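The residues making up each chain are set out below.
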Amino acid sequence: MISKPWRERLTYTAMSVFVAWHAAATIFAPAPQNSVIAIALRPLFQPYLSLFRLDNPWDFFAPSVEAGAELHYDLEDASGARHTFVPTRELSWYHPHYFWYRSWYYGILGDADIYAEGAAAFFCRKHAALRPVSITFTEHQQSDFAPEDHLSGKLPTDPEFVTEQVVKRVPCPNS
C-alpha cells in the first residue's frame, strides 16, 4: 500500500498533468488547421477536443454570429390535414437533453438520408393520436437581419427574413 505522502504527491502530480494537458489542448484547438504543428498534433488532441466540445475554429475568440437554421416538420394526418411543429420550441434550455435533441435536429438538417427516417418514426409515434401518414421535414434558414430592421420594428423570425426549404418527405411506418 502506498503511504499517505506518496499518495498525495501522486494525486498532485496527476492533477498537474491534467491541468497542463487541458491548457495545451485549449491553446491548440483554435490554431489554424493548415499549419505544420496543427497537422502533427491533431491526432493526439482530437479525441479530447471532441469529447469536451473544445474543437473550435480560430475565430471563436471573437465570432461573427451566423444566421440560424431551424427544423420544422409538417405532419400529414389520415384526413389530409397538415399540422406544423417546431421541435426546438418544445425544449427547455435548462434541461440536460436540450443539447442532445438540438444536435439531433441539426443532424436531420445536415444529413437527412441518415437521420430522417428514424426521426419520422419517432415523431409519428409521438403524434400517433393524429393518425399520421407522412412527415415533411423543412429547414427554415434565417437571412441577414440588420440593426435598421430591428429599429423599424421587425423581428428576425418574420417571413421576409426566413427562407423555407424542404429537406425530405418520409412516410410514417405502419401507415
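Note that the coordinates shown come from a computational prediction; the quantities given were computed from them, not determined experimentally.

1. Observations concerning the overall build of the protein chain
Here's step 1: Secondary structure assignment for the protein chain yields 5 helices and 4 strands.
Here's step 2: Secondary structure elements in the protein chain, listed N-terminal to C-terminal, are α-α-β-β-α-α-β-α-β.
Here's step 3: In terms of overall dimensions, the protein chain is more spread out than a globule: its C-alpha atoms have a radius of gyration of 23 Å, far above the 16 Å expected for 175 residues.
Here's step 4: Seen along its three principal axes, the alpha-carbon backbone of the protein chain occupies a region of about 75 × 50 × 30 Å.
Here's step 5: Evaluated residue by residue, the protein chain yields a buried proportion of 27% over its 175 residues.
Here's step 6: The contacts in the protein chain between residues at least 6 apart in sequence include a share of 57% that link residues at least 24 apart.
Here's step 7: If you sum the accessible surface of the protein chain, you get close to 12,300 Å²; carbon and sulfur atoms cover 62% of it.

2. A look at the layout of surface pockets
Here's step 1: Approximately 340 Å³ is the volume found for the largest pocket.
Here's step 2: Looking at the largest pocket, it is lined by 17 residues, and the ones nearest its centre are Ala69, Glu70, Arg89, His140 and Thr157.
Here's step 3: Looking at the lining of the largest pocket, the elements that each hand over two or more residues are β1 (69-77), α3 (97-110) and β3 (132-142).
Here's step 4: Residue composition of the lining of the largest pocket, grouped by class: 7 nonpolar, 7 polar and 3 charged.

3. As for the nonpolar core
Here's step 1: Among the nonpolar cores identified, the biggest contains 20 residues, and Tyr105, Ile108, Phe123, Ile135 and Phe137 are the most heavily contacted of them.
Here's step 2: Going through the elements one at a time, β1, α3, α4 (112-126) and β3 are the ones with two or more residues in this core.
Here's step 3: If one sorts the elements of this core by residue count, α4 sits on top with 6 residues.
Here's step 4: Setting aside residues no more than four positions away along its own chain, Phe123 makes contact with Tyr73, Leu75, Pro87, Trp104, Tyr105, Ile135 and Phe137.
Here's step 5: Of all hydrophobic cores here, the second largest spans 8 residues; its members include Ala25, Ala29, Phe45 and Leu49.

4. Observations regarding α4
Here's step 1: In a regular helix each residue adds 1.5 Å, so 15 residues correspond to 21 Å; α4 covers 19 Å between its end C-alpha atoms and thus fits that length.
Here's step 2: Of the surrounding secondary structure, the elements contacted by the buried residues of α4 are β1, α3, β3 and β4 (162-171).

5. Quick notes on the state of the cysteines
Put plainly, two cysteines are in a disulfide when a covalent bond ties their sulfur atoms together.
Here's step 1: For the structure shown, the criterion picks out 1 disulfide.
Here's step 2: Residue Cys124 pairs covalently with Cys172 via a disulfide, S to S 1.8 Å. As the torsion about the S-S bond is roughly -65 degrees, the Cys124-Cys172 disulfide counts as left-handed. With Cys124 in helix α4 and Cys172 in the segment after β4, this pair connects stretches of sequence that are 48 residues apart. In this pair, the class of Cys124 matches that of Cys172, namely buried.

6. Comments concerning helix α2 (residues 36-51)
The α-helix winds at 3.6 residues per turn, so residues separated by three or four positions along the chain end up facing the same way.
Here's step 1: Here α2 spans 24 Å end to end across 16 residues, near enough to the 22 Å set by a 1.5 Å rise per residue.
Here's step 2: The largest bend in α2 amounts to roughly 60 degrees and is located at Arg42, with the proline Pro43 lying one to four residues further along.
Here's step 3: Taken together, the buried positions of α2 are occupied by Ala38, Arg42, Phe45, Tyr48 and Leu49.
Here's step 4: Contact partners of the buried residues in α2: α1 (4-28).
Here's step 5: Positive phi shows up at Arg53, right after α2, with a value of about 55 degrees.

7. Things to note about the pattern of salt bridges
Here's step 1: Tallied over the entire structure, the rule returns 8 salt bridges.
Here's step 2: Of the charged contacts in the structure, one is a salt bridge between Arg169 and Glu76, with a shortest N-O distance of 3.5 Å. Placement of the pair is Arg169 in strand β4 and Glu76 in strand β1, with a sequence separation of 93 residues.
Here's step 3: Judged by its relative accessible area of 48%, Arg169 falls in the partly exposed class.
Here's step 4: Through salt bridges that share partners, Asp74, Glu76, Arg82 and Arg169 make up one connected network.

Analysis parameters
- Residues numbered from 1 in each chain as written.
- Predicted model: local features only at pLDDT ≥ 70, side-chain atom pairs only at ≥ 80, totals over all residues.
- Heavy atoms only, no water.
- Helix = DSSP H or I, 4+ residues; strand = E, 2+ residues; numbered from the N terminus.
- Rg over C-alpha atoms; globule rule 2.2 N^0.38 Å.
- Buried < 20%, exposed > 50% of the residue type's maximum accessible area, 1.4 Å probe, protein only.
- Contact = heavy atoms within 4.5 Å.
- Areas by Shrake-Rupley, 256 points an atom, 1.4 Å probe, with all protein chains shown as cover.
- 1 Å grid on protein atoms, 1.4 Å probe; cavity = no way out; pocket = protein on both sides within 12 Å on 5 of 7 lines; lining within 4 Å.
- Points joined across faces, edges and corners; volume = space filled by probe spheres on them.
- Nonpolar A, V, L, I, M, F, W, Y, C, P; charged D, E, K, R; others polar.
- Core = buried A, V, L, I, M, F, W, Y, C linked by side-chain atoms within 4.5 Å.
- Expected span 1.5 Å × (residues − 1).
- Disulfide = S-S within 2.5 Å.
- Bend = angle between axes of the 7 residues up to and from the residue.
- Salt bridge = Lys/Arg side-chain N within 4 Å of Asp/Glu carboxyl O.

Treat this as a map of the structure, not an account of what it does.
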